[in-house]
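These are the residues of each chain, in order.
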Amino acid sequence: MTSTQEQLAGTAALRFPAGFRWGAATASYQIEGAATEDGRMPSIWDTFSRTPGRVFEGHSGDVACDHYHRYRDDVALMAQLGLGTYRFSLAWPRIKPDGSGPVNPRGLDFYDRLVDELLTHGIDPMVTLYHWDLPQVLEDRGGWTNRDTAHYLADLAAAAVDRLGDRVATWTTLNEPWCSAFLGYASGDHAPGRQDPKAAFEAVHHLMLGHGLAVRALRAGGAREVSLTLNLTDSRPANPADPHDVAAARQIDGLQNRLFLEPALRGRYPQDMLALFERFGAADVIRPGDLDVIAAPIDLLGVNYYQPALVRARIGATCGLPNPGTEGAEFVRQNAPVTAMDWPVDPTGLSGLLLRLAADYPETPLMVTENGAAYADVVEDGRVADADRVAYLDGHLRAAHAAIEGGADLRGYLAWSLMDNFEWGYGYGKRFGLVHVDYDTQRRVPKDSAHWYAAVIGRNGLD
């Protein structure tokens, strides 16, 4: 075996660079609860989860993990696990209940308290401005198909950095705009539940415009480190020797990766993606000067990775509603173990992706901002023995280390998620957490994976 193969097979001890940032991530709607407290108004996910048939068993984030009231205990738990960084998102409808008007002081007060609690325990807060909970009032005005929403995101950024910027060093503008645009507006699997490819491409551009405007607002407010988080995939042809499969895989790479990477890091849309804007009648949303705004320099690119995409060409096939313009292409089931989400477990996709990003955008440091797996966890005698999750994390950390060895400037790794939570359309039916949550009692039980991860952090590597 080569040293890289030994690492990915879990047979080699390894250490990460000094200063490597270890942590975990969450999102506001998935854990906070307190959906109607202290001036918070409905988000698109409140509306979506109340629509029959949209979310598993009608679950909602009304209570979730009750983190709004239990954040002190949760931060103490983070400290016990040795987390150095905690990535969380701001609830837009908590801070600006009408989406675009004055700040609700009680909404920002919560994040003020949370940031102070984190710093008291030696944990660096990493704030995401937008993790999908758009105020419903803005969706009523068109949501991300309305250009004004991009400017309202910048207003949110200005208000947040003004209040928290003296203590928060790292800011992220958007989390996974692909999901917001294509799951929200093309397939309808996520809020707001629309099925309109034209609207999806309009949303893509306005999300990216909002990112650029928010970067400017954060810089003006003195933000020290600004980032963007994308859910990226290693898109592979089923048969690398077949030019049709190669073309099909490139189309998915365009929709999933290049559509967001190129405007943010190069100030341009790829030509094949511009053709889709035109095909679906959305090209007129791209105005002169927009791409200069979108390409505002960032300090860090967040990478959310869960699985690769294996793609082949087949006449009459399609990669589904979330992937408009993919006629003649289809996803192929990979020969690999799967998680409870039925997602293939393939750490080589992470190392391949990180190395590709390092080669294509060498000037941009990287951070894995989400990586994890759902399994059917069970509490027995006060313990959750989640060996599959430990193996998943071990394999992906070895893949991340292999990418560093290959030249990727990877600065940190954040596990998804700190605790079990509301998993969007799956409700409480899927568990990704390092910490088990009993939703009836709100009791937290660190899983074996949490104890394992704490040991990894303690030694800054794997044995």
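Described below are features of the structure shown in this document.

Definitions and limits used
Residues numbered from 1 in each chain as written. Predicted model: local features only at pLDDT ≥ 70, side-chain atom pairs only at ≥ 80, totals over all residues. Heavy atoms only, no water. Axes fitted to C-alpha atoms, helices over the stretch in contact; angles between N-to-C directions. Helix = DSSP H or I, 4+ residues; strand = E, 2+ residues; numbered from the N terminus. Parallel < 35°, antiparallel > 145°, perpendicular 65-115°, else oblique. Left-handed = near helix turned anticlockwise from the far one by under 90°. Contact = heavy atoms within 4.5 Å. Nonpolar A, V, L, I, M, F, W, Y, C, P; charged D, E, K, R; others polar. Phe/Tyr/Trp six-rings, centres within 6.5 Å; stacked < 30°, edge-to-face > 60°. Pairing = 2+ DSSP bridges. Core = buried A, V, L, I, M, F, W, Y, C linked by side-chain atoms within 4.5 Å. Buried < 20%, exposed > 50% of the residue type's maximum accessible area, 1.4 Å probe, protein only. Right-handed = clockwise from strand over helix to strand, strands pointing away.

Looking now at the packing of helix α9 (residues 177–185) against helix α10 (residues 197–220). At their nearest, the axes of α9 and α10 sit 8 Å apart, and the two run at 160° to each other. In terms of axis orientation, α9 runs roughly antiparallel to α10. In terms of crossing hand, the pair formed by α9 and α10 is right-handed. Within the contact between the two elements, α9 uses Pro177, Ser180, Ala181, Phe182 and Tyr185 and α10 uses Pro197, Ala199, Ala200, Phe201, Ala203, Val204, Leu207 and Met208. Within the contact of α9 with α10, the residues separate by chemical class into 12 nonpolar, 1 polar and no charged.

Counting across every chain of the model gives 31 aromatic pairs. Summarising the aromatic geometry, the rings of Tyr86 and Phe88 are spaced 5.4 Å apart at their centres and angled 25° between planes, so their arrangement reads as stacked.

Glancing now at the sheet that holds strand β12 (residues 410–416). As a general point, the strands of a sheet are linked pairwise by backbone hydrogen bonds and lie either parallel or antiparallel. In spatial order, the strands read β2-β3-β4-β5-β6-β8-β11-β12; together these 8 strands close into a barrel with parallel pairing. Adjacent strand axes in the sheet meet at a mean angle of 25°, parallel and antiparallel pairs treated alike. Here strand β2 (residues 21–25) runs beside β12; their pairing, made up of 5 bridges, is parallel. Looking across to β12, one finds that Ala24 is bridged to Ala415.

One finds Trp45, Trp171, Phe182 and Leu354 to be the most contacted residues of the largest nonpolar core, which totals 138 residues. Among the elements that make up this core, the one with the highest residue count is α10 (11 residues). With near-sequence residues (within four places) excluded, Trp45 lies in contact with Tyr29, Val55, Trp132, His190, Ala191, Phe422, Trp424 and Gly425. Counting 7 residues, the second-largest nonpolar core is a separate cluster that includes Ala249, Ile252, Ala309 and Ala329.

Here β12 lies mainly inside the structure; 6 of its 7 residues are buried. Where strand β11 (residues 366–370) and β12 come together, 2 bridges link them in parallel fashion. Of the residues in β12, the one forming a bridge with Leu366 is Leu410. Following the backbone out of β11, through helix α15 (residues 387–405) and into the adjacent parallel β12, one traces a crossover that is right-handed.

What follows is about the sheet that holds strand β10 (residues 329–331). Taken together, the 3 strands give an open sheet; going across it, the order is β7-β9-β10, and neighbouring strands pair in mixed fashion. The open sheet has two free edges, formed respectively by β7 (235–237) and β10, since each of these has just one partner strand. The sheet shows a mean angle of 35° between the axes of neighbouring strands, direction not considered. Where β7 and strand β9 (residues 309–313) come together, 3 bridges link them in parallel fashion. The partner of Ser235 across the bridge, within β9, is Ala309. The sheet contacts of helix α11 (residues 243–266) involve β7, β9 and β10, and relative to β9 the element is tilted by about 130°.

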